[in-house]
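Architecture and fold: a report
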Amino acid sequence: MAPSNFIRLAGLAAVLSGALWIIAEFLYFIVGFDRSAESYTTGSYLFQSVLFLLGGVLLVGALIGLYAGRSEELGALGSAGFLVALVGTVLAAGSSWEETFLLPVLARDVPELIEAGEPALLTVGFTLSFIIFCLGWLLFGVAALRTRSYPRAAAVLLIVGSILAFFPLPFTYIIFGVAVAWMGLSLWSGKTESAERRPRVT
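Remember, predicted model here, so these are calculated numbers, not experimental data. (Residues numbered from 1 in each chain as written. Predicted model: local features only at pLDDT ≥ 70, side-chain atom pairs only at ≥ 80, totals over all residues. Heavy atoms only, no water.)

Focus on the packing of helix α1 (residues 3–26) against helix α8 (residues 174–189)
One way to put it is that α1 packs onto α8 with a least axis distance of 7 Å and a crossing angle of 160 degrees. Judged by the inter-axis angle, α1 sits roughly antiparallel to α8. For the pair α1 and α8, the sense of crossing is left-handed. Between α1 and α8, the residues in contact are Ile 7, Arg 8, Ala 10, Gly 11, Leu 12, Ala 14, Val 15, Gly 18, Trp 21, Ile 22, Glu 25 and Phe 26 and Ile 174, Phe 176, Gly 177, Val 178, Val 180, Ala 181, Gly 184, Leu 185, Leu 187 and Trp 188, respectively. Among the residues making up the contact of α1 with α8, the classes are represented as 16 nonpolar, four polar and two charged. (Axes fitted to C-alpha atoms, helices over the stretch in contact; angles between N-to-C directions. Helix = DSSP H or I, 4+ residues; strand = E, 2+ residues; numbered from the N terminus. Parallel < 35°, antiparallel > 145°, perpendicular 65-115°, else oblique. Left-handed = near helix turned anticlockwise from the far one by under 90°. Contact = heavy atoms within 4.5 Å. Nonpolar A, V, L, I, M, F, W, Y, C, P; charged D, E, K, R; others polar.)

Points about the side chain of Ser 149
Its location among the elements puts Ser 149 in the loop between α6 (120–147) and α7 (152–164). In terms of polar contacts, Ser 149 uses its side chain to reach the side chain of Thr 147, at 2.5 Å. (Polar contact = N/O pair within 3.5 Å; in protein donor to acceptor, adjacent residues only side chain to side chain.)

Considerations on the nonpolar core
Ranked by internal contacts, the top residues of the largest apolar core, which has 45 residues, are Phe 133, Trp 137, Phe 140, Leu 158, Phe 176 and Met 183. If you list the elements that add at least two residues to this core, you get α1, α2 (28–31), α3 (43–68), α4 (71–109), α6, α7 and α8. Counting residues per element, this core draws most heavily on α3, which supplies eight residues. Ignoring sequence-local partners within four residues, the contact set of Phe 133 consists of Trp 21, Leu 59, Gly 88, Thr 89, Ala 92, Ala 165, Tyr 173 and Phe 176. (Core = buried A, V, L, I, M, F, W, Y, C linked by side-chain atoms within 4.5 Å. Buried < 20%, exposed > 50% of the residue type's maximum accessible area, 1.4 Å probe, protein only.)

Structure below.
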């Protein structure tokens, strides 16, 4: 596959990833905010968690394309943000896998384990994973904003969304999803803010 085609596909992956996470966030109106053992066994919870998982998997490829498509412009800060975000995104996708496949089984077979709450070590692991995730995307957003590699508004939203994503609350990934989808659309179309501002030669 030609690099240009891969980058365009990565842009599409970013759009789909952002859209899936936005839809999954709004499903909280149906799934509810309760996280009891019973809630993990519902079909609506399974559907929501699958959307988060698919969005996370697509986000890995999207990130690679978002960086590869603008690597020279993003500079050293963008490279650092990419590497940290890549690790964090893989870890976050692993968390979504656990929520999709493991929690429903535990809730059905050993609900008392769910009701007892997460062990301290598991809580630490999740917290560190999402710190890495948010930090990496935050750095990537700052690099995109400084270099105008992507639309300025999209970069600002990514920075804000990366900060909000650290808080484990419903709807905190909506802004992040919008930013990723916006950047993906920009990558797919081949447009950057700097290119859009460049005067035309007649």
